[in-house]
There are 2 protein chains.
Amino acid sequence: MEEWDEVEVPKNVKDIFVEMKNTAELMVDLAYSAALFKEKEIAEEVLELEEYLDILNYHLMVRAVLAARNMKEAEQITSILQMARSIDDISNAAADLAKMVLEEKIHPLITEVILESEETIGRIVVSSNSILVGKSLDELDLSTNTGVWVIAIRRGKRWIFDPDEDTKIMPGDIIIGRGTRTALDYLKEIARGVIKVMSNE
Amino acid sequence: MEEWDEVEVPKNVKDIFVEMKNTAELMVDLAYSAALFKEKEIAEEVLELEEYLDILNYHLMVRAVLAARNMKEAEQITSILQMARSIDDISNAAADLAKMVLEEKIHPLITEVILESEETIGRIVVSSNSILVGKSLDELDLSTNTGVWVIAIRRGKRWIFDPDEDTKIMPGDIIIGRGTRTALDYLKEIARGVIKVMSNE
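All values reported here derive from a predicted model rather than from experimental measurement. (Residues numbered from 1 in each chain as written. Chains lettered and ligands numbered in written order. Predicted model: local features only at pLDDT ≥ 70, side-chain atom pairs only at ≥ 80, totals over all residues. Heavy atoms only, no water.)

With that settled, the discussion passes to the domain arrangement of chain A. All names here are of chain A. The domains assigned to chain A are domain 1 (4-109) and domain 2 (117-192). In this structure, the salt-bridge partner of arginine 154 is glutamate 41, at a minimum N-O distance of 3.5 Å. The tally of links between domain 1 and domain 2 comes to one residue pair in polar contact (both at pLDDT 80 or more). Going through the elements one at a time, helix H1 (13-37) and helix H2 (40-67) are the ones with two or more residues in the side of domain 1 that touches domain 2. Of all the elements, H1 adds the most residues to the side of domain 1 that touches domain 2, at seven residues. (Domains from an automatic or database assignment. Salt bridge = Lys/Arg side-chain N within 4 Å of Asp/Glu carboxyl O. Polar contact = N/O pair within 3.5 Å; in protein donor to acceptor, adjacent residues only side chain to side chain. Helix = DSSP H or I, 4+ residues; strand = E, 2+ residues; numbered from the N terminus.)

Shown next, in the form of structure tokens:
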């Protein structure tokens, strides 16, 4: 459990806001991943991110309120607070789903629904002879090259949530990704070492 | 304005549920697109989809409640209703943002935040010499091949929201897509006719 009190919050309103939006979107992806794979550790990460998001939201509100110097500005700034509330609502929806995972209350239908959505979640095992091995996420740019958005990586017993651009793929890594069924299957072939050249490179 | 009363609702619980999830995700993408481009027509589509989603939610609840024959089943089915509520919460957040677009209350910062998120929204103009022209979305599979998720297409004066797989790209089409900045830039080069071969084909 990290200590959010000591967490660094971005300095300006825009950066806090961007961080809030990215975090809420990550929470939704993680919540669906947790529900699909019945992974309580992922669900717990969602709840930690919810706390982090609450702190970001508080800092955003303080800064936004301070910035208003007249009626017109106050009205405009209210739209920022409203959008922040929308992002917070989305994060709360993700947290609700994560709580259901922790309480082991995921109906089998929920799994089916996640699997059959237009964008779904997949678990991709990286074999030692895959071209992915030893390359960083920045070099690989899996999003552009395969259509798969990397949500998390399972390495041995530990999880890397929202891995950064420098993270290098290692043999045995399990990538949790979001994409269409076709995109996920394509990345699976690359990860298995069946496809040896990645497009767009 | 379509008449939702006459709309066909999928027959079984799973299909209704999948449709709800896809619709809510489309609403979020459309809401951000509407906010970014100040497009009231897109915002109105979000509000129409909200009505559609309410109808789906109602049908889901009726069917789910009917399916419970004992205490254990009732508890399991409650998790379905909870997840449906999460999806509904997400769709309401999207609708709130759409309403702000209609009321012209989008602070410039909101635009910047959407543009600077990890996944952002782009507008891609298709030139007549692009390899995209004349091909269907199914053939192109832009999601796998470029990392761009197609949200809507502007064709002349009309919008095609959530275009289906048979939709063929025409010269002059404006594609509204979601992806990373790199993925959107890559599709822009293809749409401009600069890149003549698409990967993975």
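Turning to a nonpolar patch on the surface, a few remarks are in order. Taken together, Tyr58(A), Met61(A), Val62(A) and Leu66(A) make up a surface patch of nonpolar side chains, about 420 Å² in accessible area. Note that Leu66(A) resides in helix H2. (Patch = residues over 30% accessible without salt bridge, like charges linked within 9 Å, V, L, I, M, F, W, Y side chains within 5 Å. Areas by Shrake-Rupley, 256 points an atom, 1.4 Å probe, with all protein chains shown as cover.)

Before going further, it helps to spend a moment on the pattern of salt bridges. Following the criterion strictly, the structure yields 27 salt bridges over all chains and no others. With a shortest N-O distance of 3.1 Å, Lys21(A) and Glu25(A) are connected by a salt bridge. Note that Lys21(A) and Glu25(A) are positioned in helix H1 at a spacing of four residues, about one turn of the helix. Its relative accessible area of 3% is what places Lys21(A) among the buried residues. Exposure remark for Glu25(A): the relative accessible area of 23% places this residue in the partly exposed category. One salt bridge connects Arg181(A) with Asp185(A), and the closest N-O pair in it is separated by 4.0 Å. With a gap of four residues between them, Arg181(A) and Asp185(A) both fall in helix H7 (residues 181-192), about one helical turn apart. Here the residues in one salt-bridge network are Asp29(A), Glu119(A), Arg178(A), Asp29(B), Glu119(B) and Arg178(B), joined through shared partners. (Buried < 20%, exposed > 50% of the residue type's maximum accessible area, 1.4 Å probe, protein only.)

This brings us to the interface of chain A and chain B. Contact with chain A, which involves 51 residues of that partner, is made by 51 residues of chain B. Sorting the residues of chain A by area buried against chain B places Lys14(A), Met83(A) and Glu118(A) first, and these three jointly supply 12% of that buried surface. Among the salt bridges present, the one from Glu119(B) reaches Arg178(A), with a minimum N-O distance of 2.9 Å. Here chain A and chain B share 18 residue pairs in polar contact (both at pLDDT 80 or more) between them. Secondary-structure elements contributing two or more residues to the side of chain A that touches chain B are H1, helix H3 (71-102), helix H4 (108-116), helix H6 (142-146) and H7 of chain A. (Contact = heavy atoms within 4.5 Å. Buried area = accessible area lost by both parts, 1.4 Å probe.)

Counting 95 residues, the largest nonpolar core has Phe17(A), Met83(A), Ile110(A), Phe17(B) and Met83(B) as its most contacted members. Among the elements that make up this core, the one with the highest residue count is helix H1 (residues 13-37) of chain B (16 residues). In this structure Met83(A) touches Phe17(A), Lys21(A), Tyr32(B), Leu97(B), Met100(B), Ile110(B) and Ile114(B), once residues within four positions along its chain are discounted. (Core = buried A, V, L, I, M, F, W, Y, C linked by side-chain atoms within 4.5 Å.)

Time to look at the packing of H1(A) against H3(A). All names here are of chain A. With their axes 9 Å apart at the nearest point, H1 and H3 run at an angle of 20° to one another. It follows from the interaxial angle that H1 and H3 lie roughly parallel. Seen from above, H1 lies across H3 with left-handed handedness. On H3, the residues touching Phe17, Met20, Lys21, Ala24, Met27, Val28, Ala31, Tyr32, Ala34 and Ala35 of H1 are Ile80, Met83, Ala84, Ile87, Ile90, Ser91, Ala94, Leu97 and Val101. (Axes fitted to C-alpha atoms, helices over the stretch in contact; angles between N-to-C directions. Parallel < 35°, antiparallel > 145°, perpendicular 65-115°, else oblique. Left-handed = near helix turned anticlockwise from the far one by under 90°.)

With that out of the way, let us pick up the sheet that holds strand E3 (residues 158-161) of chain B. Residues and elements named next belong to chain B. The strand order E1-E4-E2-E3 describes an open sheet built from four strands, whose pairing is antiparallel. Since the sheet does not close on itself, it has two edges, and those belong to strand E1 (120-125) and E3, each with one partner. Averaged over neighbouring strand pairs, the angle between their axes works out to 20° when direction is ignored. Here strand E2 (residues 149-155) pairs with strand E4 (residues 174-179) via five bridges, running antiparallel. From the neighbouring strand, alanine 152 faces E4, where its bridge partner is isoleucine 176. Its contacts with the sheet put H1 on E1, E2, E3 and E4, and the angle it makes with E1 is roughly 70°. With respect to the sheet, helix H2 (residues 40-67) is in contact with E2 and E3, its orientation differing from that of E3 by roughly 40°. (Pairing = 2+ DSSP bridges.)

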